[in-house]
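Report on the structure
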Amino acid sequence: MSSLAQADAPAAAPARRVAAKPPRDFDRPRFLRVFVGLFFVVMFAPIALVVLFSFNASRSLQNFDGFSLRWYERFFESETLRSSLLASIEIALITMVVATALGTLLAYGLVRARVRWSGAMNVLMLVPLVTPEIVAGTSALLLFTQVGLELSLTTIVLGHITFSISYVTVVVRARLAALDADVEHAAMDLGATRWKTFALITLPALWPAILAAGLLVFALSFDDFVLSFFTTGESPQPLPVRIWAAIRFGVTPTINAIGTFMLAISAVTIGLAIALPRLLGRRESGLGVLLGREGA
Amino acid sequence: MSENRFAAGFLVPGGLWLLLLFVVPLGILLAISFGTTDDLGNALYGWYPENYERVFDSIYIEVLARSVGYALATVALCALVGYPVAYYIAVFGGRWKNVLIALVVLPFFVNYLVRTYAWIAMLGDEGLVNGILGDDIQFLNTPWAVIGGLTYGYMAFMILPVYAALDRMDPALREAGKDLYGGPWQTFRNVTLPHTRQGLLAGTVLVFLPAVGDFVAAQLLGGPDEYMVGNLIQQQFLAADNWPFGAALTVVMMTFLLIWMVLYLRSAAREAREVAA
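Residues numbered from 1 in each chain as written. Chains lettered and ligands numbered in written order. Predicted model: local features only at pLDDT ≥ 70, side-chain atom pairs only at ≥ 80, totals over all residues.

Structural notes on the overall build of chain A
- Of regular secondary structure, chain A possesses 13 helices and 0 strands.
- At a minimum sequence separation of 6, the contacts of chain A that also span at least 24 residues come to 70%. (Helix = DSSP H or I, 4+ residues; strand = E, 2+ residues; numbered from the N terminus. Contact = placed C-beta atoms within 7 Å.)

Written out as structure tokens, the structure is:
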């Protein structure tokens, strides 16, 4: 049925008359609408199931036997799981701060500097984005054991920062490229030093992007499994590593509660990433910033 | 101090970090892949190309081929499902565009393990679907369960670049296609599709790369018969303790993916130039 919808998709094409005016409702091909509706149902059904059954009074995954918080109690009563949750938050916070700082500086250098090795730098920045996580995980594990660094939260953080820098750089760079360099030149004409110009002119203009990128990194780091899996020590282990161990023993409702809780944290983070830039009194939305568009 | 040198200084901290914690580890990986292990299973450097000969043994080559096959099927499914969705949002989204795109991205921020686990809860022997049907259909431990899990996991990587390309496209182009008496299908094939080829290419690579290296879907939704190269690598590193062989497997996989990475990076560079121009 997917191929049918694809073949029919172009029927929608001629419906549009004026670029600025959204097509009227009756212009929309109905089957395409149904297809998109179904798509969202399939995307969200499993997640809804996890959330719903995290409140189930019984162990069953087939029958909902009344509302209960017992699986959340089980989650928070466990010493191991609590320390894992705290470890995950700690890792994500440190990763966010360090990677955002490094990534922002790198973005500025890539946009404003014209040196021989900027091209190579650009590739070096992009490659981590397309490197499968398992390659990153195994090579990080090898590095840490070769230099004799004991696997712990520190090694996880080091790995996470390495793979978060590029996300920050890509988001901040898109914003910076849209920024008129003449504003910076004007500040310098008025006597500001380069550092002052960077701190007082460039950084404030980049804030929405920096903030959105930072929160994105927090969410990615908090959810990361593969990198953490290869670089984690014995204890405490981040939450996703614990989930992995638990899932392999089969389906238990506590995982529903943990999953729902993690979902809530991610949702809040991403909500902030989208809303905060707007709350700062700017016209653009955080989503536009993350997607590299201006004034969305 | 020239503006150029001032800005170049900003490249140093991030550049050094990536050099030391990304490039150097890849170098170690390459070195270890030619190494061996001592009696205790510790990795030792050396010159043992046997690791690579072993990778090309029939059992391992089969797993590699399976990984590529699953990843290609995933790309195809993502494109077939994702393109119409991206098209609908870009063309008919109106003021709901941002909300709809946010909805596409949202599942991506639910932990990948939890999302995969959710499918076990849905389709497992004691899962919801079998409960509703009162039946005992085996969905899991099949190749399609793994491919479906991968498709579900990486869908957003296809939709986002395709959407961006469609959104950038001037609607007047489609109009022109129609004015020139092109039917819907012709307009799509000759106007819309060529204009979104780069988005489609980006989506293909962004889905293909992580899908080839994935080991979560195969382990949770499949079984040993569906294992992918990621499962092998993970076993060598964390269970079998044969790091040199695991490293050799990783290097072979990486070499194969390099072609795709170069394709993507070139397309990304071209796009950056076009945006800048």
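The structure having been displayed, the exposition proceeds.
A short note on the overall build of chain B
- A count of helical and extended segments in chain B gives 14 helices and 2 strands.
- Partitioning the contacts of chain B with sequence separation of at least 6, the portion at a separation of at least 24 is 69%.

Points about the interface of chain A and chain B
- Tallying the contact residues gives 83 residues for chain A and 85 residues for chain B.
- Per-element tally for the side of chain A that touches chain B: the top contributor is helix H2 (residues 30-53) of chain A, with 11 residues.
- Per-class residue counts for the side of chain A that touches chain B are 63 nonpolar, 13 polar and 7 charged. (Nonpolar A, V, L, I, M, F, W, Y, C, P; charged D, E, K, R; others polar.)

Focus: the nonpolar core
- Formed by 175 residues in total, the largest nonpolar core has its most connected members in Val171, Ala213 and Leu216 of chain A together with Ala86, Ile159 and Tyr163 of chain B.
- Counting contributing residues per domain, this core is built from domain 1 (2-53) and domain 2 (79-290) of chain A, each supplying no fewer than three. (Core = buried A, V, L, I, M, F, W, Y, C linked by C-beta atoms within 7 Å. Buried ≥ 20, exposed ≤ 12 C-beta atoms within 10 Å, placed from the backbone. Domains from an automatic or database assignment.)

Structural notes on the confidence of the model for chain B
All names here are of chain B.
- For chain B, the mean per-residue pLDDT works out to 88, and 97% of the residues sit at or above 70.
- Mean pLDDT across the elements of chain B ranges from a minimum in helix H9 (residues 171-179), with 78, to a maximum in helix H2 (residues 11-32), with 95.
- Among the prediction metrics, the complex's ipTM stands at 0.88, with pTM recorded as 0.86. (pLDDT = per-residue confidence, 0-100.)

Section: the packing of H2 of chain A against helix H4 (residues 58-92) of chain B
- One can describe the packing of H2 of chain A onto H4 of chain B by two numbers: an axis separation of 10 Å at closest approach and a directional angle of 115°. Here H4 of chain B runs roughly perpendicular to H2 of chain A, going by the angle between their axes. Note on packing geometry: the crossing formed by H2 of chain A with H4 of chain B is left-handed. Along its contact with H2 of chain A, which presents Leu32, Phe35, Val36 and Phe39 of chain A, the element H4 of chain B presents Val81, Pro84, Val85 and Tyr88 of chain B.
- A per-class count over the contact of H2 of chain A with H4 of chain B returns 8 nonpolar, no polar and no charged. (Axes fitted to C-alpha atoms, helices over the stretch in contact; angles between N-to-C directions. Parallel < 35°, antiparallel > 145°, perpendicular 65-115°, else oblique. Left-handed = near helix turned anticlockwise from the far one by under 90°.)

Considering the environment of Ala120 of chain A
All names here are of chain A.
- Position of Ala120 among the secondary structure elements: in helix H5 (residues 118-130).
- According to the C-beta neighbour criterion, Ala120 is exposed, with 11 such atoms within 10 Å.
- In this structure, the C-alpha to C-alpha distance between Ala120 and Thr154, residues 34 residues apart in sequence, is 29 Å.

Re unusual backbone geometry
- With an omega dihedral of -5°, the bond running from Ser235 of chain A to Pro236 of chain A counts as a cis peptide bond.
- Residue Asn141 of chain B is not a glycine yet carries a positive backbone phi of 60°.
- For Asn141 of chain B, a count of 15 C-beta atoms within 10 Å puts it in the partly exposed group.
- Non-glycine residue Asp241 of chain B carries a positive phi angle of around 55°.

Some words on H5 of chain A
- Given a rise of 1.5 Å per residue, 13 residues ought to cover 18 Å, and the 19 Å separating the end C-alpha atoms of H5 of chain A matches this to within 8%.
- Regarding H5 of chain A, the residues found buried are Met121, Met125, Pro128 and Val130 of chain A. (Expected span 1.5 Å × (residues − 1).)

As for the packing of helix H7 (residues 153-177) of chain A against helix H9 (residues 194-223) of chain A
Residues and elements named next belong to chain A.
- For the pair H7 and H9, the least separation of the axes is 9 Å and the interaxial angle reads 155°. When the axes of H7 and H9 are compared, the pair comes out roughly antiparallel. With respect to the hand of their crossing, H7 and H9 are arranged in right-handed fashion. Where H7 abuts H9, its residues His160, Ser164, Tyr167, Val168, Val171, Val172, Arg175 and Leu176 lie against Leu206, Ala209, Ile210, Ala212, Ala213, Leu216, Val217, Leu220 and Ser221.
- The residue inventory of the contact of H7 with H9, partitioned by class, reads 13 nonpolar, 3 polar and 1 charged.

Considering the environment of Gly213 of chain B
- Here Gly213 of chain B is to be found in helix H11 (residues 197-213).
- In this structure the C-alpha to C-alpha distance between Gly213 of chain B and Met254 of chain B, which are 41 residues apart in sequence, comes to 9.1 Å.
- Sequence-distant contacts of Gly213 of chain B, defined by excluding residues within four places in its chain, comprise Pro132, Glu133, Ile134 and Val135 of chain A together with Gly230 and Met253 of chain B.

Considering the confidence of the model for chain A
- On average, residues of chain A score 84 in pLDDT, and 84% of them reach the 70 mark or higher.
- Low pLDDT, under 50, characterises residues 1-18 of chain A; the stretch is placed with 48 contacts to residues that sit more than four places away or in other chains.

Overview of the environment of Ala264 of chain A
Residue and element names in this part refer to chain A.
- With respect to the helices and strands, Ala264 occurs in helix H12 (residues 253-279).
- By C-beta crowding, Ala264 is classed as exposed, having 11 other C-beta atoms within 10 Å.
- Expressed as a C-alpha distance, the spacing of Ala264 and Phe222, which sit 42 residues apart in the sequence, is 12 Å.

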